[in-house]
Amino acid sequence: MTRDAGFLVPSASAWLRRQQQRLLAGGLALVVAILVGAPIAALLAELVVSEEGSLGLLGRSALWLLFARTVASALAVTAIAILVGVPLGFVFGRSDVPGRRVLWMIHTVPLFVPPFLLALGWSYLLAPGGRPAELLFSTFGVVMVLSVALAPVVTALTAVALAGIEQSLEESARVVAPPLRAVRGILLPAARPAVALGGLIVFALAASELGVPLFLGGRTYVESVFSRLGGIDYAPGEAVVLAAPLLAVGLLLVILERRLVGRRRFELVGLRRIREPLPLGRWRPAATALAIALGLVSIAPLASLAWRAKESPSLSSVAGWLGGSLWTSLTMATAAAAAALVIAVLVGHALVQRRPFGRLLDAVLFLGLLTPAAVWGVGLIAAWNRPETSWVYRGWPILVLAGAARYSILAVRTATVAFAQSSPGLEEAGQVAGAGYGRRLLSLVIPLHWRGLVLAFVLTLVFCLRDLDLFVLFYPPGREPLMVRIFTLEANGPPEIVAALAIVQVLVVAAVLASGGLALAWRARR
Amino acid sequence: MSSPAIEVDGLGVDVAGRPVLRDVTFAVSQGEVLAVAGASGSGKSTLLRAILGLVVPRSGIIRVGGRDASIGNRSTLPPEERNLAIVFQDLALWPHLTVAGNLEFVLSAKGVSRAATREPIREWLGRVGLADRSGAYPGELSGGEQQRVALARALVYEPAALLLDEPFSSLDVALKERLMRLVRELLAERRVPTLLVTHDPEEARALADRVAILEGGIVTQIGPTDRLVTEPEGSFAEAFVKRLR
């Protein structure tokens with residue numbers, strides 16, 4: 001403080017300390033505006049100046065039929081994912097099925113594998129032809145592959161929600177009702193917001209999917225956008241027009257998320273105590289058999305890929321086909337996950353403090369995940385493909401921007417749940433002692449929730465690594481990520497090399513997950 | 001002579017491999033209110049959860065209404081067949097159900113048809129003064145109203161015994177006195193055998209016929225409330241009754 005004309009005037013450094021949170025919030029808002037706002041604004045601007053011919057596309061009934069078909073497929077995937085994921089969420093999260101943790105891990109594997117690779121694995125498995133292969137290469141096959149790939153989203157959210165329900169809520173139901181009735185009447189309804197969130201995410205990812213329908217032959221609306229950005233039907237103006245209904249879908253999903261999930265609590269109070277699993281009684285053998293069967297379905301395509309990869313001529317030939325794609329994938333995904341982590345700390349902290357600003361940014365970032373990837377492809381091209389920003393568009397920065405825009409919300413939600421588990425008093429004690437916002441974040445919030453932040457980083461990294469639908473739309477020449485490399489090679493490359501690259505992709509993701517697990521275990525021991 | 005509502009004989013319970021209760025023995029007679037008093041961590045809540053069947057004991061016998069509920073480390077009666085009711089410290093009202101929905105769930109779980117639940121719900125909400133709040137959700141109620149819903153939900157299906165887990169600990173003095181009066185009236189009116197877990201001597205004196213002192217997982221003293229006040233045994237009992245003198 002300095003004394004000026006008899007008044008105490010805060011010094012510049014004291015003023016800065018007090019304004020830290022506002023300044024950081026302003027910077028954060030700017031970053032989110034660049035990530036999410038710029039592509040949408042650019043897309044809308046292009047739409048306004050679209051030629052009449054392009055706009056006329058929206059009058060074609062065939063196009064709307066394709067749109068309806070895409071929505072119907074995504075709804076079918078969502079319905080199956082909920083029908084499978086909710087019971088499994090209970091089985092893995094709260095029941096007494098033997099080996100449920102291991103079975104849960106196996107069931108979750110497809111979530112970390114690009115759905116296109118699962119489709120590829122199934123195609124090798126059912127290659128001899130006949131009715132099963134016919135079914136695979138159809139809309140039915142698309143729906144089933146995506147259901148297996150995305151059901152773990154619902155399973156995981158349901159299981160975590162059930163485990164997080166206050167113990168006394170469950171026990172007061174158990175005192176009067178048998179286990180399954182307590183689950184049906186009390187636990188599952190209490191977990192409804194989590195199930196709704198899972199359903200919305202599954203719908204968004206299914207509607208966004210490009211690789212599986214392109215490979216298995218079920219035509220989708222997203223494909224019509226993709227083909228206009230590629231070489232054959234190149235018509236970027238039309239792509240902008242076609243992206244508009246998808247943007248509307250994204251906005252609708254965000255509105256639904258706000259209404260269905262609402263101002264949910266992020267505290268998982270029930271996790272604070274060890275709980276006895278709920279006995280399934282006579283249903284236990286059937287539930288165990290079902291969980292094992294679904295586990296086998298989850299890993300069968302990977303086993304099939306590995307079997308085909310064995311035929312690869314040599315490791316050096318595989319490395320040759322890989323080129324720089326693995327390096328691009330790893331560097332781009334790491335940079336995007338790091339950016340997402342910084343965003344997650346600031347937005348997550350604002351969310352647990354129940355600041356309206358936090359909720360606004362959370363909604364904007366959710367739009368990133370819930371809006372089909374094709375919209376981002378078109379929007380990013382419109383925003384960054386200009387002479388003055390060509391250094392962004394022609395290089396790795398565009399991949400980082402895209403990855404962070406689409407997947408930051410995963411880090412935000414993970415960090416928020418982690419932050420919400422500790423008492424606000426921990427940080428308030430630091431504030432009372434005079435620590436500014438930045439100091440509290442660096443010295444208290446981040447070290448206290450280190451494990452949650454590792455998880456947030458790993459989750460975002462893995463989703464960036466597994467992405468195909470987004471990066472395939474605009475990857476810079478010579479800088480295609482591994483998944484794009486596999487996708488483009490599939491059309492005319494040797495199948496055993498494609499399978500070997502797919503296994504490399506799976507192993508890289510497994511290594512990232514294992515490293516994250518080791519880091520968490522190391523922190524847990526300390 | 002009818003059998004005690006709850007009998008606990010030589011009960012031992014481990015939590016996460018650590019003994020929390022050791023050789024606990026007592027009985028709650030029909031129409032009696034027994035308070036179990038003890039410091040934090042003495043095993044009071046674990047005792048309630050073992051009686052309810054929510055944790056499996058290591059040793060001893062629990063009988064409810066004369067039926068064996070658990071013998072040794074084997075549970076012979078699942079929680080829902082013990083016909084007990086509980087009011088938890090945090091009340092545990094199901095937030096997604098209305099006030100009437102909370103009562104309806106417990107009645108229908110007990111096999112009462114939906115149509116037949118209306119009358120007891122109406123009667124009990126009237127009895128606790130919440131007849132006009134049946135459509136409200138727990139989050140829309142005041143603390144005192146929530147407490148009364150929890151009581152109505154516990155008593156609506158006429159349980160064999162009622163267990164109260166520090167149910168007044170979060171209330172202010174005035175509200176606590178009003179609710180204790182209501183509980184006393186209800187227990188006297190219905191003659192429901194009750195096990196009250198508390199660390200508040202005022203609660204024990206106001207509601208209980210007898211008090212058991214639980215220290216380090218062992219019952220160190222049990223007897224009529226008046227005798228405990230005059231002849232406390234052990235450090236916790238001394239400190240406990242000091243606040244009553």
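Note that this is a predicted model, so its numbers are computed, not measured.

J.: How would you summarise the packing of helix H20 (residues 396-420) of chain A against helix H23 (residues 450-466) of chain A if you had to cite specific residues and measurements?
T.: Residue and element names in this part refer to chain A. Close contact between H20 and H23 brings their axes to 8 Å; oriented N to C, the two are set at 155°. Here H20 is positioned roughly antiparallel relative to H23, judged by the angle of their axes. Helix-helix and strand crossings are classified by hand; for H20 and H23 the assignment is right-handed. In this structure, H20 uses Gly403, Tyr407, Leu410, Ala411, Thr414, Ala415, Val417 and Ala418 to contact H23, whose residues at the interface are Gly452, Leu453, Leu455, Ala456, Phe457, Leu459, Thr460, Phe463 and Cys464. Across the contact of H20 with H23, the residue classes break down as 13 nonpolar, four polar and no charged.

J.: Mind laying out the packing of helix H2 (residues 99-109) of chain B against helix H3 (residues 114-127) of chain B, listing which residues take part and the relevant values?
T.: In a packed pair of helices, the relevant descriptors are the angle between the two axes and the axis-to-axis distance. Residues and elements named next belong to chain B. Contact pair H2 / H3: the axes reach a minimum separation of 9 Å and the direction vectors enclose 125°. Here H2 lies oblique to H3, going by the angle between them. Here H2 and H3 pass one another in a crossing that is right-handed. Between H2 and H3, the residues in contact are Val99, Ala100, Leu103, Glu104, Leu107 and Ser108 and Arg114, Thr117, Pro120, Ile121, Trp124 and Leu125, respectively.

J.: How would you explain the sheet that holds strand S7 (residues 84-87) of chain B if you had to name every residue and give the values?
T.: Backbone hydrogen bonds hold the strands of a sheet together, and the pairing may be parallel or antiparallel. Residues and elements named next belong to chain B. On the basis of which strands lie adjacent, the open sheet formed by six strands has the order S7-S8-S9-S3-S10-S11 and mixed pairing. Across the chains shown, the open sheet's two edge strands, defined by having one partner strand only, are S7 and strand S11 (218-224). For this sheet, the mean inter-axis angle between neighbouring strands, taken without regard to orientation, is 20°. Strand contacts of helix H1 (residues 44-52): strand S3 (33-38), S7, strand S8 (161-165), strand S9 (194-198) and strand S10 (210-215), with the helix running at about 150° to S8, the strand carrying the most contacts. Each of S7 and S8 touches helix H4 (residues 143-155); the most contacted strand, S7, lies at about 175° to it.

J.: Describe in detail the pairing of S11 of chain B, supporting the description with residues and values.
T.: All names here are of chain B. Looking at chain direction, S10 and S11 are connected through six bridges and run antiparallel. By the bridge assignment, Val211 is partnered in S11 with Gly223. The loop that links S10 with its antiparallel partner S11 comprises two residues; one of these, Gly216, has a positive phi angle of about 55°.

J.: Lay out the sheet that holds strand S5 (residues 67-71) of chain B in plain terms, naming residues and giving numbers.
T.: All names here are of chain B. Strand order in the open sheet formed by five strands is S2-S1-S4-S5-S6, with antiparallel pairing between adjacent strands. Looking at strand neighbours, the two that pair on one side only are strand S2 (18-28) and strand S6 (74-75), the edges of this open sheet. Pairing of strand S4 (residues 59-64) with S5, which is carried by four bridges, proceeds in the antiparallel orientation. Within S5, the position partnered with Arg63 by the bridge is Asp68. The sheet strands contacting H1 are strand S1 (6-15), S2 and S4, and the helix crosses S1 at an angle near 115°.

J.: Can you lay out the interface of chain B and chain A for me, pointing to particular residues and giving the numbers?
T.: Taken together, the contact pairs 20 residues of chain B with 17 residues of chain A. Elements with a minimum of two residues in the side of chain B that touches chain A: S7 and H2 of chain B. Its residues placed into classes, the side of chain B that touches chain A shows 16 nonpolar, one polar and three charged.

J.: Provide a residue-level description of the environment of Tyr393 of chain A, including the pertinent values.
T.: All names here are of chain A. Mapped onto the fold, Tyr393 is located in helix H19 (residues 390-393). Assessed through the 18 C-beta atoms surrounding it within 10 Å, Tyr393 is described here as partly exposed. Put simply, Tyr393 and Leu380 are 13 residues apart on the chain and 8.5 Å apart in space, counted from C-alpha to C-alpha. Not counting chain neighbours up to four residues away, the residues in contact with Tyr393 comprise Trp384, Asn385 and Ile398.

J.: Explain the nonpolar core residue by residue, including any values.
T.: Most often, soluble globular proteins keep nonpolar side chains buried together rather than apart. One finds Val145, Ala243 and Ala411 of chain A together with Leu163 of chain B to be the most contacted residues of the largest nonpolar core, which totals 257 residues. Contact partners of Leu163 of chain B, with chain neighbours within four places excluded, come to Leu48, Ile51, Leu52, Leu84, Ala85, Ile86 and Leu195 of chain B.

J.: Residues and numbers for the environment of Ile186 of chain A, please.
T.: One can find Ile186 of chain A in helix H9 (residues 179-190). Contact partners of Ile186 of chain A, with chain neighbours within four places excluded, come to Leu169, Glu170 and Ala173 of chain A together with Trp94 of chain B.

J.: Before we move on, could you go through the pairing of S8 of chain B and cite the residues and values that matter?
T.: Residue and element names in this part refer to chain B. Of all five residues making up S8, five are buried, and the element is well covered by its neighbours. Burial of S8 is two-sided: the residues Ala161, Leu163 and Asp165 facing one way and the residues Leu162 and Leu164 facing the other way are all buried. As paired elements, S7 and S8 share four bridges and run parallel to each other. By the bridge assignment, Ala85 is partnered in S8 with Leu162. Read as a crossover between parallel neighbours, the route from S8 over helix H5 (residues 173-190) to S9 is right-handed.

Criteria and thresholds
- Residues numbered from 1 in each chain as written.
- Chains lettered and ligands numbered in written order.
- Predicted model: local features only at pLDDT ≥ 70, side-chain atom pairs only at ≥ 80, totals over all residues.
- Axes fitted to C-alpha atoms, helices over the stretch in contact; angles between N-to-C directions.
- Helix = DSSP H or I, 4+ residues; strand = E, 2+ residues; numbered from the N terminus.
- Parallel < 35°, antiparallel > 145°, perpendicular 65-115°, else oblique.
- Left-handed = near helix turned anticlockwise from the far one by under 90°.
- Contact = placed C-beta atoms within 7 Å.
- Nonpolar A, V, L, I, M, F, W, Y, C, P; charged D, E, K, R; others polar.
- Pairing = 2+ DSSP bridges.
- Buried ≥ 20, exposed ≤ 12 C-beta atoms within 10 Å, placed from the backbone.
- Core = buried A, V, L, I, M, F, W, Y, C linked by C-beta atoms within 7 Å.
- Right-handed = clockwise from strand over helix to strand, strands pointing away.

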